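Residue-level structural notes
Single-letter residue listing:
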Amino acid sequence: MSDLATDNHAPHWRRQAALYLDLIRWNRPAGWLLLLWPSLSALWLAAGGFPGWHLLTVFVLGTVLMRSAGCCINDVADREFDKHVKRTANRPVTSGALSVRQALGAGALLALCAFALVLTTNAATIQWSFAALAVTLQIQRLRHKMLLVEMLVRVLDLLGPVLGLLERLALTTLTPV
């Protein structure tokens, strides 16, 4: 946890904000950057250059929001396991600084904000975002239980670029099953 989250002299709202920032791994941007580059690459390729400020904003913010939501869900799912790992033992949910309800609420709010961004895109992109959400939820449900999860993670990694291509190319005839 960050020093601000444990500083008893800091105002309550600042300690809470620091806990939520720790929850979404704000200080570790590598996670969302690894997800962002393939999506932006696909968007740029589909557009034949700069895709426009609207789509750039949607995909950058959407990637950060969904990765952050995933961190919230992951911390809830792994809270018992994380207690036994030195690197993760002090995470806000694992340590009890944030409740499961608070973490799930934050995750849901972040995912809803990402979905609001998706709603500003075309119909095919909106439909495929449900497939991306389904894969995301399955990964969390199956983690630590199946070897196929790694394959699901790779499918999810590819859905960002697929959504980027669909949005830019407006392939409305391609709809999820």
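1. Observations concerning the pattern of salt bridges
For the coordinates displayed, the defined rule picks out three salt bridges. A salt bridge links R91 to D75; the nearest nitrogen and oxygen atoms lie 3.5 Å apart. In this pair, R91 is assigned in the loop between helix 5 (79–82) and helix 6 (92–95) and D75 in helix 4 (residues 53–77), connecting sequence segments 16 residues apart. Each member of the pair, R91 together with D75, is buried. Residues K83 and E80 are paired through a salt bridge, measuring 3.3 Å at the closest nitrogen-oxygen approach. Connected through salt bridges with shared partners, the residues R25, D75 and R91 form a single ionic network.

2. Some points on a nonpolar patch on the surface
A contiguous nonpolar surface patch, about 370 Å² in accessible area, is contributed by W44, F50 and W53. Secondary-structure assignment places W53 in helix 4. On the basis of relative accessible area, W53 is assigned to the exposed category, the value being 62%.

3. Quick notes on the confidence of the model for the protein chain
Mean pLDDT over the protein chain: 82, with 79% of residues reaching 70 or higher. Per-element confidence in the protein chain ranges from a low mean pLDDT of 59 for helix 1 (residues 3–6) to a high of 95 for helix 7 (residues 100–118).

4. Structural notes on helix 7
Taking 1.5 Å of rise per residue, the 19 residues of helix 7 would be expected to cover 27 Å, and the 27 Å separating its terminal C-alpha atoms lies within 8% of that figure. Along helix 7, the residues classified as buried are A103, A106, G107, L110, A114, L117 and V118. Down the axis of helix 7, the smallest arc covering the buried residues is 130 degrees, so these residues share one side. Residues of helix 7 that are exposed and point more than 90 degrees away from the buried face comprise R101, L109 and L112.

5. As for the nonpolar core
Core analysis: the biggest nonpolar cluster contains 28 residues, and L23, L40, F59, C72 and L110 have the highest contact counts within it. Tallying contributions element by element places helix 4 first for this core, with eight residues. With residues up to four places along the chain from it excluded, the contact list for L40 reads L56, F59 and V60.

6. What to know about the packing of aromatic side chains
Applying the stated criterion across every chain yields a total of three aromatic pairs. Pairing W44 with F50 gives two aromatic rings, centres 5.7 Å apart and planes at 70 degrees, and the pair type is edge-to-face. Each residue in the set W44, F50 and W53 is aromatic and connected to the rest through ring pairs, giving one cluster.

7. Considerations on unusual backbone geometry
Despite not being glycine, R25 shows a phi value in the positive range, around 60 degrees. Structurally, R25 can be placed in the loop between helix 2 (12–23) and helix 3 (30–47). Given a relative accessible area of 9%, R25 falls into the buried group.

8. Some details on the side chain of R91
Using a relative accessible area of 14% as the deciding quantity, one classes R91 as buried. Aside from chain neighbours lying at most four places away, what touches R91 is R25, N74, D75 and D82.

9. Some details on the state of the cysteines
This model, assessed by the stated rule, comprises zero disulfides. Free cysteine: C72, not disulfide-bonded; nearest cysteine sulfur from C71 at 6.9 Å. Judged by its relative accessible area of 0%, C72 falls in the buried class.

So, how was this worked out
Residues numbered from 1 in each chain as written. Predicted model: local features only at pLDDT ≥ 70, side-chain atom pairs only at ≥ 80, totals over all residues. Heavy atoms only, no water. Salt bridge = Lys/Arg side-chain N within 4 Å of Asp/Glu carboxyl O. Helix = DSSP H or I, 4+ residues; strand = E, 2+ residues; numbered from the N terminus. Buried < 20%, exposed > 50% of the residue type's maximum accessible area, 1.4 Å probe, protein only. Patch = residues over 30% accessible without salt bridge, like charges linked within 9 Å, V, L, I, M, F, W, Y side chains within 5 Å. Areas by Shrake-Rupley, 256 points an atom, 1.4 Å probe, with all protein chains shown as cover. pLDDT = per-residue confidence, 0-100. Expected span 1.5 Å × (residues − 1). Arc of directions from axis to C-beta. Core = buried A, V, L, I, M, F, W, Y, C linked by side-chain atoms within 4.5 Å. Contact = heavy atoms within 4.5 Å. Phe/Tyr/Trp six-rings, centres within 6.5 Å; stacked < 30°, edge-to-face > 60°. Disulfide = S-S within 2.5 Å.

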